[in-house]
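Each chain, written out:
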Amino acid sequence: MAYSYDDQNIFAKILRGEIPNDTVLETEHSLAFRDIRPQAPLHILVIPKGAYVTFDHFAQNASDAEIADYVRTVGKVCEMEGVEADGWRLISNAGENAVQEVPHLHVHILGGRALGRMLE
Ligand code: 5GP
């Protein structure tokens, strides 16, 4: 699928410094910050700095360096926040069926409470 990226989306504005954010970790290619409407005690969003709409868009177009940086940033955030022992969840919504609100790739890191079973 050919994705077109809207550079007026809220995360693009965060990356340009036009909107403040509660940064947890910034790397060469990625930014991790706290969700403005947390659904769990720990709710952090991790985004690539590049203009990617969804996970598949990113996976098909990003460089190996961007992909490695992104995956390692997720791991580093989990380590920093200390969620490995109790468990945590990673979610990425893509497109209409998943009700993606912001059209810039993000993964949600959720933790800090029992999250329940998501899939039956
Ligand atoms: P989606 O539904 O696209 O997977 O999730 C988008 C997430 O972005 C939501 O959890 C929402 O609370 C969060 N969000 C929307 N606008 C902002 C914002 O301006 N700042 C931060 N930190 N999070 C936001």
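- Under an unreviewed UniProt entry, the protein has the name Possible Histidine triad (HIT) protein and belongs to Sagittula stellata.

With respect to the overall build of the protein
Item 1. Secondary structure summary: the protein contains three helices and five strands in total.
Item 2. Beginning at the N terminus, the succession of helices and strands in the protein can be written as α-β-β-β-α-α-β-β.
Item 3. Along the three orthogonal principal directions, the C-alpha set of the protein runs to about 40 × 35 × 30 Å.
Item 4. Considering the protein as a whole, with its 120 residues, one finds that 25% of them fall into the buried category.

Details of the site of the ligand
Item 1. In the neighbourhood of the ligand, 13 residues make up the surrounding shell, with Ile36, Arg37, Asn93, Gln100 and Glu101 lying closest.
Item 2. The residue makeup of the shell around the ligand, split by class, is seven nonpolar, three polar and three charged.

Details of the nonpolar core
Item 1. Counting residues in each nonpolar core, the largest one holds 20 residues, and the members touching the most others are Ala32, Ile44, Val46, Ile47 and Ile109.
Item 2. Of all the elements in the fold, those that place two or more residues in this core are strand S2 (30-34), strand S3 (42-48), helix H3 (64-81) and strand S5 (107-111).
Item 3. The biggest single contributor to this core is S3, with five residues.
Item 4. Contact partners of Ile47, with chain neighbours within four places excluded, come to Phe11, Ser30, Leu31, His104, Leu105 and His106.

Describing the UniProt feature "active site" (unreviewed entry) in the protein
Item 1. The UniProt entry lists His106 under the feature "active site" (unreviewed entry), expressed in the numbering used here.
Item 2. On the basis of neighbour counts, which here come to 25 C-beta atoms within 10 Å, the residue His106 falls in the buried class.
Item 3. Apart from residues lying up to four places away in sequence, His106 is in contact with Phe11, Leu45, Val46, Ile47 and Ser92.

Observations regarding the environment of Val53
Item 1. Examined against the element boundaries, Val53 turns out to sit in the loop between S3 and helix H2 (55-61).
Item 2. Between the C-alpha atom of Val53 and that of Tyr3, which follows or precedes it by 50 residues, the distance is 6.9 Å.
Item 3. With sequence-adjacent residues up to four places away left out, Val53 is seen in contact with Tyr3, Tyr5, Pro103, His104 and Leu105.

Re the sheet that holds strand S1 (residues 23-26)
Item 1. The antiparallel open sheet is built from five strands, whose spatial order is S1-S2-S3-S5-S4. The sheet is open, and its two edges are formed by S1 and strand S4 (88-91), each paired on a single side. If you compare each strand with its neighbour and ignore which way they point, the axes differ by 20° on average.
Item 2. Sheet strands touched by H3: S1, S2, S3, S4 and S5. Its angle to S3, the strand with the most contacts, is close to 165°.

Procedures and definitions
Residues take numbers from 1 onward in each chain, read along the sequence in its written order. This being a predicted model, a pLDDT of at least 70 is required before a residue's local features are given, and a value of 80 or more before pairs of side-chain atoms are given or counted; all residues contribute to the totals for chains, interfaces and linings. Helical segments are the DSSP runs of H or I of at least four residues, strand segments are the runs of E of at least two, and each set is numbered from the N terminus. Using C-beta atoms placed from the backbone, we call a residue buried if 20 or more other C-beta atoms fall within 10 Å of its own, exposed if 12 or fewer do, and partly exposed for counts in between. Being near a molecule or strand means, for a residue, that its C-beta atom, positioned from the backbone, comes within 6 Å of it. Any residue that is not Ala, Val, Leu, Ile, Met, Phe, Trp, Tyr, Cys, Pro, Asp, Glu, Lys or Arg is counted as polar, Gly included; the first ten are nonpolar and the last four charged. By our criterion, buried Ala, Val, Leu, Ile, Met, Phe, Trp, Tyr and Cys residues that link up through C-beta atoms within 7 Å make up a nonpolar core. Think of it this way: build a C-beta for each residue from its backbone, and any pair within 7 Å is a contact. UniProt positions are given in the numbering used here, feature names are shortened, and annotations may be inferred rather than shown by experiment. Paired strands are those between which DSSP finds at least two bridges. Structural elements are reduced to axes, namely lines fitted to C-alpha atoms, with helices fitted over the stretch in contact, and the angle between N-to-C directions of any two is expressed from 0 to 180 degrees.

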